[in-house]
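# Fold and geometry: a report
Chain residues, written in single-letter form:
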Amino acid sequence: MPAYCIGLLATFSTLLLATVAPGWAASINIVAIGASTTAGNKVGTDAAYPAQLQAMLRAKGYDVNIRNQGVSGATSASMVGWADAVPLDTRLVLLQIARSNDSKHGIAPAQTAANRETIVKHLRARRIRVLFVNRHVSSRELA
């Protein structure tokens, strides 16, 4: 597993343990939305960070199900429509927007930011928390 994935797992573990307390619900449903890193490009879905994170959290006693909705090459524009398709029983969305994919498709940074805010707005309206995933920097929570 690449070093940045190990860092992501450690960061997620810390943030999720603070966000999702054991015993909070019978089962906690999380959705991972993103591009190639989320999808597991070149490593497969079983080795992608959502599967690794789910295994790690379960090993710590958390009853979590992480649904991987990553698509290699996805842009922030394509993800806007995905926010409304997140299942109703989802408590948390892990959101990874690859600026490089947006750039390849001519999406300006300002539009990427607007798309990100639209996604968050749609999810918040449904009382779903959002955790941003950035493989180059640390993750931060937006709740």
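About the cut-offs
Residues numbered from 1 in each chain as written. Predicted model: local features only at pLDDT ≥ 70, side-chain atom pairs only at ≥ 80, totals over all residues. Heavy atoms only, no water. Helix = DSSP H or I, 4+ residues; strand = E, 2+ residues; numbered from the N terminus. Buried < 20%, exposed > 50% of the residue type's maximum accessible area, 1.4 Å probe, protein only. Contact = heavy atoms within 4.5 Å. Areas by Shrake-Rupley, 256 points an atom, 1.4 Å probe, with all protein chains shown as cover. Arc of directions from axis to C-beta. Axes fitted to C-alpha atoms, helices over the stretch in contact; angles between N-to-C directions. Parallel < 35°, antiparallel > 145°, perpendicular 65-115°, else oblique. Nonpolar A, V, L, I, M, F, W, Y, C, P; charged D, E, K, R; others polar. Pairing = 2+ DSSP bridges. Phe/Tyr/Trp six-rings, centres within 6.5 Å; stacked < 30°, edge-to-face > 60°. Lys NZ or Arg CZ within 6 Å of the ring centre and 35° of its normal. pLDDT = per-residue confidence, 0-100. Polar contact = N/O pair within 3.5 Å; in protein donor to acceptor, adjacent residues only side chain to side chain.

### Focus on the overall build of the chain
- For the chain, the count of helices and strands is 6 helices and 5 strands.
- Counting helices and strands in the order they occur from the N terminus, the chain gives α-β-α-α-β-α-β-α-α-β-β.
- The buried share of the chain, reckoned over its 143 residues, is 42%.
- Taking the contacts inside the chain whose residues are at least 6 apart along the sequence as the reference set, 71% of them involve residues at least 24 apart.
- In the form shown here, the chain has an accessible surface area of approximately 7100 Å², with 54% of it arising from carbon and sulfur atoms.

### Things to note about helix H3 (residues 49-59)
- Looking at H3, one finds that the buried residues are Tyr49, Pro50, Leu53, Gln54 and Leu57. Viewed end-on, H3 has its buried residues packed into an arc of 135°, placing them on one side of the element.

### As for the packing of helix H4 (residues 76-83) against helix H6 (residues 109-125)
- Running from N to C, H4 and H6 point in directions that differ by 10°, and their axes come no closer than 9 Å. Considered as vectors, H4 and H6 are oriented roughly parallel to each other. Contacts between H4 and H6 involve Ser76, Ala77, Met79, Val80 and Ala83 from the former and Thr112, Asn115, Thr118, Ile119, His122 and Leu123 from the latter.
- Taken together, the residues of the contact of H4 with H6 sort by class into 6 nonpolar, 5 polar and no charged.

### Notes on the pairing of strand S3 (residues 90-95)
- A large share of S3 lies buried, amounting to 5 of its 6 residues.
- Bridge count for strand S1 (residues 28-34) against S3 is 5 bridges, and the pairing is parallel. The residue of S3 that forms the bridge with alanine 32 is leucine 94.
- Pairing between S3 and strand S4 (residues 129-132): 4 bridges, direction parallel. Across the sheet, residue leucine 94 finds its bridge partner in S4, namely leucine 131.

### Side note on the packing of aromatic side chains
- One pass over the structure, following the stated rule, counts 0 aromatic pairs.
- Positioned above the aromatic ring of phenylalanine 132, the side-chain terminus of arginine 116 is 6.0 Å from the ring centre.

### Section: the confidence of the model for the chain
- Per-chain confidence: the chain averages 81 in pLDDT, with 76% of residues scoring 70 or above.
- The secondary structure element of the chain with the lowest average pLDDT is strand S5 (residues 140-142), at 43, and the one with the highest is H6, at 95.

### Looking at the environment of serine 78
- Examined against the element boundaries, serine 78 turns out to sit in helix H4.
- There is a polar contact of 2.8 Å between the side chain of serine 78 and the backbone oxygen of threonine 75.

### Concerning the environment of glycine 34
- Looking at where glycine 34 falls in the secondary structure, it is placed in strand S1.
- A residue is classified by how much of its surface remains accessible, and glycine 34, at 0% relative accessible area, is buried.
- Residues contacting glycine 34, with those up to four places away along its chain left out, are Gln69, Gly70, Val71, Ala74, Met79, Trp82 and Gln96.

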